[in-house]
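Coordinates in review
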Amino acid sequence: MHAREVFGLVIAGAAAGLACGAVVEADVAVVGGGSAGFSAAWSAAHLGSSVVLVEKEAVLGGTSTLGGVNNWEPGMGGTGVPYRVYQRLEKIPAAAGVYRIDRHCSWKKPWEKYAFPGGLIETDPCLDYAHTLLRHGPGMSDEAWFRANCHGVIFEPDALAAVMSDMLRETGRCRVFLKTALAEVRRDGGRVSEVSLSDGTAVRAKVFIDATDGALCGRLGCELMSGRDCRADFNEPGAPSNRLSQINGATLVYRVSPVGKKEPDLVEPLPEDIPAACWWQKQFPYAFVGKYPAGDLFINMLPTMAGEEYLRLGGEQAYAECVRRARAHWHWYQQNFDEFRRFRLKMFFPKAGLRETRRVRGEYVLSQNDLLATQSGQKHDDVIAIADHPMDSHGGGGPGGELKGAYGIPYRCLLPLRTENVLVAGRAASFSAIAASSCRLSRTMMQLGEAAGTAAHLACARGVPLRAVPASEIRRLMAEKIDQDPQGGK
């Protein structure tokens, strides 16, 4: 069995030992093992379907592990699978905790030497998971309200990957292919019959779930959307008059470790070929800084690179440039904010965090109008997830601002047009660019994955098309799966 060490955790390829050209059959096949893909695979398997999960990396979790986005921001809808994951994480020493915001650049106090260069969060043992389930309201403009009401989760990436792997294994119904990519898709019209993988394995299933950036749907010829939609597309008040290629910014998160008491304060030197001054914009970007329970910090620049620049350069070249920028950013932090001289650069996460790439057009496109209407003004009867994060593009253009309430995401957003046995879950689901800037967060993606996995199971168990699965039944099963719901039940 092949294996690889990531963050100190050894992850073995579960598909090792299969003969080249082998055929694997299942009720549900999930392509992509990030937050949405994991949640979809676990949900379908937990309900009784046989599942195959395919992930091109050596570890599960996607951006939440390999990308270093090791926090779940405040937000409604974080029950169900995310809560099950957290219940396991909190039992592992120093693996996770609920955070409070410590400092923010908008809240400088008279006694502070300088405004913190961004925002700093740290875990607080007095808080529990239920405190993380709200975001909408006055926002950071009301410091007292935000400090009292907005909390999230910080976790160690290796612990999250291990919990995900354990949960899938314990179902007894999920075969995981790691370090294995989607190669080809066989279809008859809008129905997928089989996909072939990079190792030669063929996977046949009744339902396929695309939990990637639209890799499966793209091969099917589904309509893909990217960049900023124009106002005429979805009648959004915050959309530009013409379509733009601009997309949400990308970030290379890096990690630093505190030094011992006897070690001196210092500014770590820059490599000679990296300028000390910011060369890609007017000044260094501020960052979202999180303190892990054991004391390390993650530093999430907002952002490191424009999203369209990252895609234009390509993965390898863009990552190398992001490393250069992250080194310069850390040097600036240490030079200008003396508290960081007690830390040393530990690592760059192996993948940049891409907040946006492309989206698959579905039966319904969630838009800014849904966000502004909130649940009280929406007319959908097929809502399967809720969210309340503000519109937030990190350099991608578009409107921002806190929401007045939570909004619902319809099941139709998971049903790609002109397909029969395919669902899409994750950031490539059917959203406008503005809506995606709000609902792209990890726990919302896990909700979408949970709904997709539940719908796939129902379709298989009842022998009905995906479009014949009632959203009410998806919601009922999702509610029944909640164990010790932090909000007190269904």
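Before any of the text, the structure's been laid out above.
Report follows, based on the coordinates. (Residues numbered from 1 in each chain as written. Predicted model: local features only at pLDDT ≥ 70, side-chain atom pairs only at ≥ 80, totals over all residues. Heavy atoms only, no water.)

Quick word on the overall build of the chain
Per the secondary structure count, the chain includes 12 helices and 23 strands. Whereas a compact globule of 490 residues would reach a radius of gyration of roughly 23 Å, the chain reaches 22 Å, a difference of no more than 12%. A principal-axis box enclosing the C-alpha atoms of the chain has dimensions of 65 × 55 × 45 Å. Looking at the chain as a whole, 59% of its 490 residues qualify as buried. Here the contacts in the chain between residues at least 6 apart in sequence split such that 74% fall between residues at least 24 apart. For the chain, the exposed surface amounts to about 19400 Å²; the carbon and sulfur share of it is 49%. With 56 positive and 54 negative side-chain charges, the chain shows a separation of 1 Å between the mean positions of the two kinds. (Helix = DSSP H or I, 4+ residues; strand = E, 2+ residues; numbered from the N terminus. Rg over C-alpha atoms; globule rule 2.2 N^0.38 Å. Buried < 20%, exposed > 50% of the residue type's maximum accessible area, 1.4 Å probe, protein only. Contact = heavy atoms within 4.5 Å. Areas by Shrake-Rupley, 256 points an atom, 1.4 Å probe, with all protein chains shown as cover. Lys, Arg positive; Asp, Glu negative; His and termini not counted. Charge placed at Lys NZ, Arg CZ, Asp CG, Glu CD.)

A word on empty space enclosed by the protein
For the coordinates displayed, the defined rule picks out two cavities of 30 Å³ or more. Its residues assigned to classes, the lining of the largest cavity shows four nonpolar, six polar and two charged. What the second largest cavity holds in volume is close to 30 Å³. As for the second largest cavity, its lining consists of R355, E356, T357, R358, R359, R427, A436 and R440. (1 Å grid on protein atoms, 1.4 Å probe; cavity = no way out; pocket = protein on both sides within 12 Å on 5 of 7 lines; lining within 4 Å. Points joined across faces, edges and corners; volume = space filled by probe spheres on them. Nonpolar A, V, L, I, M, F, W, Y, C, P; charged D, E, K, R; others polar.)

Some thoughts on unusual backbone geometry
The omega torsion of the bond from L302 to P303 falls at -15°, within 30 degrees of zero and hence cis. For P303, the location among the structural elements is in the loop between strand 17 (297–301) and helix 7 (307–313). Not every positive phi belongs to a glycine, and N235 is a case in point at roughly 60°. When you line up the elements, N235 lands in the loop between helix 6 (231–234) and strand 14 (250–251). Even without glycine at this site, T374 takes up a positive phi of about 60°. Inspection of the secondary structure puts T374 in helix 9 (residues 368–377).

What to know about the pattern of salt bridges
Counting across every chain of the model gives 35 salt bridges. For D382, the salt bridge goes to R412, with nearest N and O atoms at 2.8 Å. Remark: R412 occurs in the loop between strand 22 (407–410) and strand 23 (422–424) and D382 occurs in the loop between helix 9 and strand 21 (383–387); sequence separation between them is 30 residues. Relative accessible area serves as the criterion here: at 8%, D382 is assigned to the buried category. What makes R412 partly exposed here is its relative accessible area of 27%. The structure contains a network of salt bridges with shared partners spanning R100, D102, R103, E122, D124 and E339. (Salt bridge = Lys/Arg side-chain N within 4 Å of Asp/Glu carboxyl O.)

Considering the nonpolar core
It is characteristic of soluble globular proteins that their nonpolar side chains tend to be buried jointly. The biggest cluster of nonpolar side chains holds 100 residues, and the ones touching the most others in it are V85, I209, Y411, L423, F431 and L448. Top element by residues in this core is helix 11 (residues 442–462). It accounts for 10 residues. Not counting residues up to four positions away in its chain, the partners in contact with Y411 are D382, I384, L423, A455, L466, V469, A471 and I474. Formed by 32 residues, the second largest nonpolar core is a distinct cluster that contains A318, C322, A328 and A352. (Core = buried A, V, L, I, M, F, W, Y, C linked by side-chain atoms within 4.5 Å.)

Details of helix 12 (residues 471–480)
Listing the buried residues of helix 12 in full gives A471, E473, I474, L477 and M478. Down the axis of helix 12, the buried side of the element spans an arc of 160°, and every buried residue falls inside it. On its buried face, helix 12 is in contact with helix 1 (35–47), strand 21 and helix 11. (Arc of directions from axis to C-beta.)

Observations regarding the packing of aromatic side chains
Enumeration according to the criterion identifies 20 aromatic pairs in this entry. Taken together, a centroid distance of 5.1 Å and an interplanar angle of 75° make the contact between Y114 and F337 edge-to-face. Residue Y114 is located in the loop between strand 6 (96–104) and strand 7 (118–123), and its partner F337 is located in the loop between helix 8 (315–336) and strand 18 (343–348); the two are separated by 223 residues in the primary sequence. F337 sits in the buried class, given a relative accessible area of 9%. (Phe/Tyr/Trp six-rings, centres within 6.5 Å; stacked < 30°, edge-to-face > 60°.)

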